[in-house]
Amino acid sequence: MEENRRNLSREEEKKGMATFNRDQLVEFYTRMIRIRMVEEKLMEVFSNGEIPGFIHVCIGQEATPVAVCSHLDATDYMANTHRGHGHALAKGIRATDFMAELFGRKNGPCRGRSGSMHLADPDLGILGANGIVGGGIPIACGAALSAKYFKNNRVAVCFFGEGATGEGTFHESLNLAAVLNLPVVFICENNQWAEFTPQTVHMGIRDVAERAAAYGIPGVAIPNDFFRIHEEAGKSIATARTGGGPSLIEVQSLRWHGHFVGDAQKYRNPENIETAMSADCIADFLQRLYADNHITHEEAEGIRKQVQEEILSAVEYARNSPLPDPSELLEELWV
């Protein structure tokens with residue numbers, strides 16, 4: 001994994017950054033730091049017993065949801081995993097609605113019923129996080145099939161970890177998407193730990209992207225670098241939107257924390273964690289903004305303070321929001 005880290009020349013870096021203006025770059029940084037700070041706050045309030053269920057954080061992987069979702073329209077579809085806070089925030093869910101839902105309050109987008117692992121907001125195309133490994137992949141295919149049928153120019157993106165590529169749903173979905181030429185982009189966030197098992201134990205290949213060849217679709221493995229992810233996602237989403245069919249993108253990014261908040265990570269040595277934290281996609285991005293004078297240290301700190309105030313306000317909003325009434329339990333059920 002270490003050999004796949006970003007190793008770009010300054011000329012290549014500047015070429016990638018030249019695609020954007022200063023305001024766009026600052027906005028990308030703001031979105032990434034918002035995801036990280038939201039999850040840091042979630043770890044705190046969850047540990048204090050304020051949030052029910054389990055929490056899985058994507059700290060260290062923030063570049064992927066922000067880079068990918070920057071190419072999506074509000075009506076485009078997204079399916080993701082139990083580690084899905086960053087994807088929902090990147091797709092546009094408001095911090096107040098997000099916190100209300102995780103705190104189990106009735107004014108959340110799912111009326112407090114989803115918890116962390118099943119967060120959804122159909123109005124934003126968020127089809128739902130999924131507690132079942134690989135469960136969101138066929139859902140994304142279904143959404144893409146509907147987009148093709150109705151010819152509404154929408155695309156579907158699906159996020160999952162490398163562990164999900166050992167599930168039948170992954171292989172069946174890629175085959176279906178290829179055969180039907182569906183407008184869907186499969187995005188594997190490979191953090192090397194399928195819950196508690198290293199990739200080398202359960203997979204005979206180094207790159208998940210190699211599996212795309214079996215279904216005749218493009219596959220690419222890239223490092224956890226915002227500009228590389230943005231470039232590849234842009235090409236794949238544009239191809240899907242214009243009838244070019246599905247593709248698979250693998251982002252190789254080590255997670256910082258355990259499978260869930262509270263995981264002691266006894267299966268992982270400290271050096272591996274140190275390596276993950278040294279490969280900080282946000283720090284890399286910010287250093288490049290500094291180097292090209294797109295932002296000052298004072299401006300970056302101001303953004304952090306503004307985001308912190310936003311998060312604290314959202315948490316207080318959630319704490320003061322009403323709980324669902326037990327009489328509402330059977331409302332809005334399909335069956």
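Look up: the structure comes first, before these words.
Thresholds applied
- Residues numbered from 1 in each chain as written.
- Predicted model: local features only at pLDDT ≥ 70, side-chain atom pairs only at ≥ 80, totals over all residues.
- Heavy atoms only, no water.
- Buried < 20%, exposed > 50% of the residue type's maximum accessible area, 1.4 Å probe, protein only.
- Helix = DSSP H or I, 4+ residues; strand = E, 2+ residues; numbered from the N terminus.
- Pairing = 2+ DSSP bridges.
- Right-handed = clockwise from strand over helix to strand, strands pointing away.
- Core = buried A, V, L, I, M, F, W, Y, C linked by side-chain atoms within 4.5 Å.
- Contact = heavy atoms within 4.5 Å.
- Axes fitted to C-alpha atoms, helices over the stretch in contact; angles between N-to-C directions.

**Thoughts on the pairing of strand S3 (residues 156-161)**
On a regular strand, each side chain points to the face opposite its neighbour's, so the side chains alternate between the two faces of the sheet.
Step number 1: Counting buried positions over the 6 residues of S3 gives 5, a clear majority of the element.
Step number 2: Pairing analysis gives 3 bridges linking strand S1 (residues 77-79) to S3, with the strands arranged parallel. Bridge pairing in S3 places Ala79 opposite Cys158.
Step number 3: Sheet topology places S3 next to strand S4 (residues 184-190); 6 bridges connect them, and they run parallel. Counterpart to Ala156 in the pairing with S4 is Val184.
Step number 4: Tracing the backbone out of S3, into helix H7 (residues 168-180) and back to the parallel element S4 gives a crossover that is right-handed.

**Re the nonpolar core**
Step number 1: Among the nonpolar cores identified, the biggest contains 68 residues, and Tyr29, Phe98, Met99, Val157, Phe226 and Phe285 are the most heavily contacted of them.
Step number 2: Among the elements that make up this core, the one with the highest residue count is helix H2 (residues 22-47) (12 residues).
Step number 3: In contact with Phe98, not counting residues within four places along its chain, are Val38, Leu42, His85, Leu89, Ile93 and Leu119.
Step number 4: Within the second largest apolar cluster, 25 residues are counted, among which are Tyr77, Ala144, Leu174 and Ala177.

**Brief notes about unusual backbone geometry**
Step number 1: A positive phi is found at Asn181, a non-glycine position, where the angle reads about 55 degrees.
Step number 2: Summarising the element assignment, Asn181 is placed in the loop between H7 and S4.
Step number 3: One non-glycine residue, Gln265, adopts positive backbone phi at about 55 degrees.
Step number 4: Following the sequence through the fold, Gln265 ends up in the loop between strand S8 (247-252) and helix H10 (270-278).

**Digging into the sheet that holds S3**
By way of backbone hydrogen bonds, the strands of a sheet pair with one another, either parallel or antiparallel.
Step number 1: Strand order in the open sheet made by the 6 strands is S2-S1-S3-S4-S8-S7, with parallel pairing throughout. The open sheet has two free edges, formed respectively by strand S2 (126-128) and strand S7 (219-223), since each of these has just one partner strand. The average undirected angle you get between the axes of adjacent strands in this sheet is 20 degrees.
Step number 2: Contacts from helix H6 (residues 136-150) reach S1, S2, S3 and S4, with the element oriented near 170 degrees to S3.

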